[in-house]
Amino acid sequence: AAVKAAVAGGTRSSVDVLDAATSDPVGVEGRLRVTDLLLSVPAIGQTKLPRIMNELGISPSKRLGGLGVHQRGKLKSFLAERER
């Protein structure tokens, strides 16, 4: 909950959370679901979420620590673009 609140509040970037999940897949960030991270990003809600997940090719049940190399790359590019 603290990670999601930090992303929603702008005190932590979503790319930073993804990087932390990559380096420690069983840590707090690694156990966070991709959907929970995306919903904590401002301007992404329940309506846009299914479309985004489909475009990225990521299952709604996936956790950040369990993403494959290509999924992680697509998600990182998407999040970096959103932060600009």
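See the structure above.
Residues numbered from 1 in each chain as written. Predicted model: local features only at pLDDT ≥ 70, side-chain atom pairs only at ≥ 80, totals over all residues. Heavy atoms only, no water.

What follows deals with the overall build of the chain. A count of helical and extended segments in the chain gives five helices and zero strands. Element order for the chain, N to C, with α for helix and β for strand: α-α-α-α-α. Here the C-alpha radius of gyration of the chain, 11 Å, is about what a compact globule of 84 residues would show, namely 12 Å. Residues counted as buried form 37% of the 84 residues belonging to the chain. If you take every contact in the chain between residues at least 6 apart in sequence, the share linking residues at least 24 apart comes to 60%. Counting every atom, the chain has about 4,700 Å² of accessible surface; 54% of that belongs to carbon and sulfur. Separation between the mean location of the 13 positive side-chain charges and that of the 8 negative ones in the chain comes to 5 Å. (Helix = DSSP H or I, 4+ residues; strand = E, 2+ residues; numbered from the N terminus. Rg over C-alpha atoms; globule rule 2.2 N^0.38 Å. Buried < 20%, exposed > 50% of the residue type's maximum accessible area, 1.4 Å probe, protein only. Contact = heavy atoms within 4.5 Å. Areas by Shrake-Rupley, 256 points an atom, 1.4 Å probe, with all protein chains shown as cover. Lys, Arg positive; Asp, Glu negative; His and termini not counted. Charge placed at Lys NZ, Arg CZ, Asp CG, Glu CD.)

Judged by nonpolar contacts, the single largest core of 22 residues is most densely connected at Val34, Leu38, Leu64, Leu75 and Leu79. Elements represented by at least two residues in this core include exactly α1 (2-9), α2 (14-23), α3 (34-40), α4 (49-56) and α5 (69-83). Excluding residues that lie within four positions of it along the chain, Val34 makes contacts with Met53, Ile58, Lys62, Arg63, Leu64, Leu67 and Leu75. (Core = buried A, V, L, I, M, F, W, Y, C linked by side-chain atoms within 4.5 Å.)

Glancing now at the pattern of salt bridges. All chains considered together, the criterion is met by five salt bridges. A salt bridge links Glu29 to Arg12; the nearest nitrogen and oxygen atoms lie 2.8 Å apart. Here Glu29 is found in the loop between α2 and α3, whereas its partner Arg12 is found in the loop between α1 and α2, with 17 residues between them in sequence. In this structure Glu29 comes out as buried when scored by relative accessible area, which is 15%. Accessibility expressed as a relative area gives 21% for Arg12, which makes it partly exposed. Note that Arg84 and Glu81 form a salt bridge whose closest N and O atoms lie 2.7 Å from each other. Take Arg84: its relative accessible area is 72%, and that puts it in the exposed class. Members of the salt-bridge network, linked through shared partners, are Arg12, Asp16 and Glu29. (Salt bridge = Lys/Arg side-chain N within 4 Å of Asp/Glu carboxyl O.)

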